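Below are the chains, spelled out letter by letter.
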Amino acid sequence: MRMVDLIEKKRDGGMLSDEEIRFIIDGFTKGDIPDYQMSAWAMAVFYKGMTDHETAVLTDAMMRSGDTIDLSRFGTKSVDKHSTGGVGDKTTLILAPIVSSLGGKMAKMSGRGLGHTGGTVDKLESIPGYKTTLSAEEFMQQVEDVGVAVIGQSGNLTPADKKLYALRDVTATVDQMSLIASSIMSKKLASGSDAIVLDVKTGNGAFMKKLEDSRARAKEMVSIGTMAGKKTVAVITDMDQPLGRAVGNSLEVREAIDTLRGEGPADFKEVVFALGSQMLMLAGRAADEKEARALMEGVIEDGSALDKFAQFVRAQGGDAAPVYDTSLLPVAGKTLEVTAKESGYVHRILAEDIGIACMTLGGGRETKESAIDLSVGIILEKKNGNAVSAGEVLATIYGNDDAKMQAAYEKIAHAYEIAKEPAAFVPVVREYIFPE
């Protein structure tokens, strides 16, 4: 079997056999297949796609490319959550302490920023001292003791996905539904949780722009999880504007902490409660959505979720002081305001442009070797439907480089669309996808 033949086969629209897919993943993992051939194959998949069966086999092959975690000791309490990637999406930062403070067990392996979207691991590294790498023994012990551990893809868990994830980011092959589904589900299945809740984004700032595409991919991932014996639910959420007000690593951590204090943007809280309710029900911690929401509100109001966040940060070597004083988090030294050129209502905010603007500031990766500036970002002062007067501030840029800030300014100014009348309301939680 030769890789060049398999690239050609997929390029010409052929369906790869199970053995051929496993040959590709095994060879790439071992280093026998070089990056340039894998990049060519990924581009062929981008243009020709994969069948549901090919996607399921690819997922299984990537899951089996390394070790898997056994969480059976936690029974039905173990639950995981994953997002398909969005702008301003910081839900893990608040769901992890909430669910674990209510008796759930979250052994979470998260990714870094990919394309114009942020990564949970990058955000957590905004907290001084926080370790995103733990040994398998440390990881399991922390889940046992604290109820939650959040690490990057480390050790020998899904090494094929780790390599392909970085390669897709710099070869314009991120936005492909089968590659997204297999990447997400291989990590989730290898992570060993009893239940999985998927946050599938849809809209301008998502990898899947159309609701019908997001729905199809959600159904595929729910099917993959269900076939693997996992309780799996997907929630389709809106990404036609950034989630919340903060975009950028340390700024998003600050907003998540504010939300754990009972503050925070309404759209962000709605997504958190929708996902968290499903997690608690699947983990057997709540009988229905009403009870789950009441439990979540309770641990926010009494401060136990905030304390749990501090506990898990401390357990992973981080300084817990910023959890109680967010001014201790790194913030860029310069600011630049983006103002409205006309009066009216915010009709739309192109989320992808906001994500690219944050990357331009240094908050994301342009190559897989790029270093991230954790202190930069954007605060959206106005969101969809808000009234705005000419000259009023739409967004505030936090940066460290004048040229980069000016480039981000142009991108953000273009991202805001102002209209004479407010746009029709679009709910941030669009649909729930359950196993068939």
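Asker: An account of the overall build of the protein chain is requested, with residue identities and associated values reported.
Answerer: When helices and strands are counted, the protein chain shows 17 helices and 13 strands. For a compact globule of 436 residues, the expected C-alpha radius of gyration is about 22 Å, and the protein chain comes in at 21 Å, within 12% of that figure. Once local pairs closer than 6 in sequence are excluded, the contacts in the protein chain between residues at least 24 apart make up 78%. Entry remark: accessible area of the protein chain is about 16500 Å², with carbon and sulfur atoms responsible for 49%. Distance from the positive charge centre (50 side chains) to the negative charge centre (63 side chains) of the protein chain: 1 Å.

Asker: Account for the nonpolar core, naming residues and giving values.
Answerer: Ile98, Ile354, Ile378 and Ile412 are the most contacted members of the largest nonpolar core, which has 83 residues in total. Counting residues per element, this core draws most heavily on helix 12 (residues 266-282), which supplies nine residues. With sequence-adjacent residues up to four places away left out, Ile354 is seen in contact with Val87, Pro242, Val247, Ile349, Ile378, Leu380, Ile412 and Ala415. Grouped together as the second largest cluster of nonpolar side chains are 22 residues, Leu6, Leu16, Val57 and Leu167 included.

Asker: Kindly report on the pattern of salt bridges, identifying the contributing residues and their values.
Answerer: Within this structure, the stated rule accounts for 29 salt bridges. Put simply, Lys30 and Asp26 hold a salt bridge, and the shortest N to O gap is 3.2 Å. With Lys30 and Asp26 both in helix 2 (residues 18-30) and four residues apart, this pair spans about one turn of that helix. On the basis of relative accessibility, which here comes to 58%, the residue Lys30 falls in the exposed class. Across the pair Arg215 and Glu431 runs a salt bridge whose closest N-O atoms are separated by 2.6 Å. Placement of the pair is Arg215 in helix 10 (residues 211-227) and Glu431 in strand 13 (residues 429-433), with a sequence separation of 216 residues. Bridged by salt links that share partners, the residues Glu8, Arg11 and Asp12 form one connected network.

Asker: I'd love a proper account of the sheet that holds strand 11 (residues 393-399), names of residues and values included.
Answerer: The strand order 6-9-11-7 describes an open sheet built from four strands, whose pairing is antiparallel. A single partner strand is all that each edge strand has here, and the edge strands are strand 6 (246-247) and strand 7 (334-339). Examined bridge by bridge, strand 7 and strand 11 share six bridges and lie antiparallel to one another. Note that in strand 11 the partner of Lys334 across the bridge is Gly399. Each of strand 7, strand 9 (377-380) and strand 11 touches helix 17 (residues 402-415); the most contacted strand, strand 7, lies at about 25° to it.

Asker: How would you sum up the packing of helix 2 against helix 4 (residues 52-63)? Please name residues and give values.
Answerer: With their axes 9 Å apart at the nearest point, helix 2 and helix 4 run at an angle of 40° to one another. Classified by the interaxial angle, the pair formed by helix 2 and helix 4 is oblique. The element helix 2 and its partner helix 4 pack so that their crossing is right-handed. Residues Asp18, Ile21, Arg22 and Ile25 of helix 2 touch helix 4, and the partners they reach there are His53, Glu54, Val57, Leu58, Asp60, Ala61 and Met62. Of the residues belonging to the contact of helix 2 with helix 4, the class tally is six nonpolar, one polar and four charged.

Asker: Go over the packing of aromatic side chains with me, naming the residues and quoting the values.
Answerer: On inspection of all chains with the given rule, the structure shows four aromatic pairs. Centroid distance Phe309 to Phe312: 5.5 Å. Interplanar angle 65°. Geometry classified as edge-to-face. Here Phe312 and Phe309 lie together in helix 14 (residues 304-315), a separation of three residues that amounts to about one turn. In terms of burial, Phe309 and Phe312 fall into one category: buried. Ring geometry for Tyr432 versus Phe434: centroids 6.2 Å apart, planes at 5°, classification stacked. By relative accessible area, Tyr432 is classed as partly exposed at 28%. Grouped by ring-pair contacts, the aromatic residues Tyr130, Phe309 and Phe312 constitute a single cluster. Against the face of Phe268 rests Lys90, its NZ or CZ located 5.0 Å from the ring centre. Over the face of the ring belonging to Phe28 we find Lys163, whose NZ or CZ atom lies 4.4 Å from the ring centre.

Asker: Break down the pairing of strand 5 (residues 231-238) for me, citing the residues and quoting the values.
Answerer: The buried fraction of strand 5 amounts to seven of the eight residues, a majority that puts the element mostly inside the structure. Between the parallel pair strand 4 (residues 195-202) and strand 5, the chain is carried across by helix 10, and the sense of this crossover is right-handed. Pairing between strand 5 and strand 13: four bridges, direction antiparallel. Counterpart to Ala234 in the pairing with strand 13 is Ile433.

Definitions and limits used
- Here, residues in each chain are numbered from 1, in the same order as that chain's written sequence.
- Only residues with pLDDT of at least 70 get local features here, since the model is predicted, and only at 80 or more are side-chain atom pairs given and counted; chain-wide, interface and lining totals rely on the full set of residues.
- Only heavy atoms go into the side-chain values, all of them from the structure, while hydrogens and water stay out.
- Where helices and strands are cited, they refer to DSSP runs of H or I of at least four residues and of E of at least two residues respectively, numbered from the N terminus.
- Radius of gyration: C-alpha atoms only; globule rule: 2.2 Å multiplied by the number of residues to the exponent 0.38.
- Whether two residues are in contact is decided by their heavy atoms, any of which lying within 4.5 Å being enough.
- Residue exposure ignores everything except the shown protein chains as possible cover, and the areas themselves are Shrake-Rupley values with a 1.4 Å probe.
- For the purpose of charge, His is not counted, nor are the chain termini; Lys and Arg are scored as positive and Asp and Glu as negative.
- By convention, charge coordinates are those of NZ in Lys, CZ in Arg, CG in Asp, or CD in Glu.
- Here, nonpolar core refers to any group of buried Ala, Val, Leu, Ile, Met, Phe, Trp, Tyr and Cys residues whose side-chain atoms link them within 4.5 Å.
- Burial here depends on accessible area, computed with a 1.4 Å probe over protein chains only, as a share of the maximum for the residue type. Under 20% is buried, over 50% is exposed, and the range in between is partly exposed.
- Think of a salt bridge as a Lys or Arg side-chain nitrogen and an Asp or Glu carboxyl oxygen that are within 4 Å of each other.
- Pairing between strands requires that DSSP locate at least two bridges from one strand to the other.
- In this analysis, axes come from line fits to C-alpha atoms, helices being fitted only over the stretch in contact, and the angle between any two N-to-C directions falls in the range 0 to 180 degrees.
- The labels follow the angle: roughly parallel below 35 degrees, roughly antiparallel above 145, roughly perpendicular from 65 to 115, and oblique for the rest.
- If you view the pair so one helix is near and one far, a crossing is left-handed when the near helix is turned anticlockwise from the far one by less than a right angle, and right-handed when it is turned clockwise.
- Amino acids are sorted into nonpolar (Ala, Val, Leu, Ile, Met, Phe, Trp, Tyr, Cys and Pro), charged (Asp, Glu, Lys and Arg) and polar (every other residue, Gly among them).
- Centre distance within 6.5 Å is the pairing criterion for rings of Phe, Tyr and Trp, where only the six-membered ring of Trp is used; planes under 30 degrees apart are then read as stacked, over 60 as edge-to-face, and the remainder as tilted.
- Note on geometry: a ring has a charge over it if NZ (lysine) or CZ (arginine) is within 6 Å of the ring centre and within 35 degrees of the ring normal.
- For a crossover, the right-handed case is the one in which the path from the first strand over the helix to the second runs clockwise, viewed with the strands pointing away from the viewer.

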